[in-house]
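Below, each chain spelled out in residue letters.
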Amino acid sequence: KPTGEAVALGERVLTNVSFMRAGGFSVSENGALVYQSTGGTGTARLMWSDRAGRQTAVVDERLQYRDLRLSPDGTRAAVSLVSARDDTSDVWVIGARGLRTRLTFDATDDVSAIWSPEGTDVVFSSSRTGRHNLFRKAVSGADREDVLLDDPMDKLASSWSSDGKFLLYSIFDARTGPDVWVLPLTGDRQPRAFLATAADERFARFSPDGRWVAYSSSESGLSEVYVARFPGPGGRGGVSRAGGGYPRWRSDGQELFYQSPDNRLMAAALRVGSDRIEVEGEQPLFEMRAPDGYLRDFYDVASDGQRFMLIVPDETTSNPLTLVSSWPTLLKARN
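Rules of the game
- Residues numbered from 1 in each chain as written.
- Predicted model: local features only at pLDDT ≥ 70, side-chain atom pairs only at ≥ 80, totals over all residues.
- Heavy atoms only, no water.
- Helix = DSSP H or I, 4+ residues; strand = E, 2+ residues; numbered from the N terminus.
- Rg over C-alpha atoms; globule rule 2.2 N^0.38 Å.
- Contact = heavy atoms within 4.5 Å.
- Areas by Shrake-Rupley, 256 points an atom, 1.4 Å probe, with all protein chains shown as cover.
- Pairing = 2+ DSSP bridges.
- Axes fitted to C-alpha atoms, helices over the stretch in contact; angles between N-to-C directions.
- Phe/Tyr/Trp six-rings, centres within 6.5 Å; stacked < 30°, edge-to-face > 60°.
- Buried < 20%, exposed > 50% of the residue type's maximum accessible area, 1.4 Å probe, protein only.
- Lys NZ or Arg CZ within 6 Å of the ring centre and 35° of its normal.
- Patch = residues over 30% accessible without salt bridge, like charges linked within 9 Å, V, L, I, M, F, W, Y side chains within 5 Å.
- Salt bridge = Lys/Arg side-chain N within 4 Å of Asp/Glu carboxyl O.

This part takes up the overall build of the protein chain. If you tally the helices and strands in the protein chain, you get 1 helix and 27 strands. Computed over its C-alpha atoms, the radius of gyration of the protein chain comes to 20 Å, within 12% of the 20 Å expected for a compact globule of 335 residues. With the C-alpha coordinates aligned to their principal axes, the bounding extent of the protein chain is approximately 60 × 45 × 45 Å. A sequence separation of at least 24 residues applies to 41% of the contacts in the protein chain between residues at least 6 apart. Carbon and sulfur atoms make up 49% of the accessible area of the protein chain, which totals about 16200 Å².

Glancing now at the sheet that holds strand β21 (residues 245-249). Strand order in the open sheet formed by 4 strands is β21-β22-β23-β24, and the pairing between neighbours is antiparallel. Whereas interior strands pair on both sides, the edge strands pair on one side only; in this sheet they are β21 and β24 (277-287). With direction set aside, neighbouring strand axes in the sheet form an average angle of 25°. The pairing of β21 with strand β22 (residues 255-259) spans 3 bridges and is antiparallel. What sits directly across from Arg 248, in β22, is Phe 257.

Bringing the sheet that holds strand β11 (residues 133-138) into the picture now. In space, the 4 strands of this open sheet follow the order β9-β10-β11-β12, with antiparallel pairing throughout. Unpaired on one side and paired on the other, β9 (110-115) and β12 (145-149) mark the two borders of the sheet. Averaged over all pairs of adjacent strands, the angle between strand axes in this sheet comes to 30°, irrespective of strand direction. Bridging between β9 and strand β10 (residues 121-126) involves 4 bridges; their strand directions are antiparallel. Across the sheet, the residue bridging to Asp 110 is Ser 126, located in β10.

Bringing the packing of aromatic side chains into the picture now. The final tally for this structure, using the stated rule, is 10 aromatic pairs. Judged by centre distance (5.9 Å) and plane angle (20°), the rings of Phe 124 and Phe 135 are stacked. Note that Phe 124 is positioned in strand β10 and Phe 135 in strand β11, a separation of 11 residues in sequence. Just as Phe 124 is buried, Phe 135 falls in that class too. Three or more aromatic residues joined by ring pairs form one cluster here, namely Phe 166, Phe 194, Phe 206 and Phe 230. The cationic tip of Arg 248 hangs over the ring face of Tyr 299; the distance from NZ or CZ to the ring centre is 4.9 Å. Between the NZ or CZ atom of Arg 307 and the centre of the ring of Trp 48, over which it lies, the distance is 3.7 Å.

This part takes up a nonpolar patch on the surface. On the surface, a nonpolar cluster with roughly 310 Å² of combined accessible area is contributed by Val 34, Leu 321 and Leu 323. In this structure, Leu 323 sits in strand β27 (residues 321-324). For Leu 323, a relative accessible area of 62% corresponds to the exposed category.

Pairs may arise between side chains of opposite charge once their charged atoms sit close together. Overall, the coordinates contain 29 salt bridges when judged by the stated rule. When the shortest N-O distance is used, the salt bridge between Arg 144 and Asp 146 registers 2.6 Å. Classification of Arg 144 by relative accessible area gives exposed; the value is 63%. The partner of Arg 175 in a salt bridge is Asp 173, and the shortest N-O contact between them spans 3.4 Å. Accessibility expressed as a relative area gives 9% for Asp 173, which makes it buried. Linked by salt bridges that have partners in common, Arg 69, Arg 205, Arg 248, Asp 297 and Asp 300 make up one network.

Below is the structure:
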């Protein structure tokens, strides 16, 4: 049981911008504590990159971009923009010439929008009911926002199957941590767990044909990218070999991209069979970094796999690290 009063050991500690509430700190067994503070502004630019890492600006305005998703036809991007005034987020759509259109106007957080297969609607997560629930809205800008799923769990929309029948979303379970659930959009519409183990399962994405799901899992002790049959049960296989996260499919399902632990975009060529997927080879493409304290979508791939849209954080706005030595002595002194 905890004893004594809580003691503050650091101020303005960075936390993950998603509902999964990961803290930007770590403690060693020899009494050292290191934490990342919120000293940076978190601004970034939206950039296109080719496979060699050559970048051009989508829009040169520096803002706090989050949750980047390209539309199915690649002509638009849905993003969350963080307000500098009150630190809340809204969903915006950015067109081919960088023109921005605001889609949500609620005073709380509206985040993590994903596109319908036709590109006419988005499903997004909003905290307006006290927790992150799923809402659906037409991209045309109509005022109507339908509640898609409201239950006691915080949740973030993750992927929409190409046939429009299923939605993957992430939850944070107090017992098992981050898990992946599926919501049928037809029939009984009852959500069920798809990946829910003691490991952290994140970043689930349907394959273009809807028969597979790519995701990352910490089951080996290191975040790795896997693919699993949908709706299951069935085959499952590993893709990355030395760590990986944030998987993205090419539109023909023959290539899977992911971020390596050394911040490189990797491309894995796949051989897809009826009940298994094999990796035929992989290659590093270019360096890319997620914004500090970030565990949500910060890049996406065009349908041909030749271009990538990135949230590129400003180098001058990173959040500083603070080292506290012998922190247990501070605890004893203040208690």
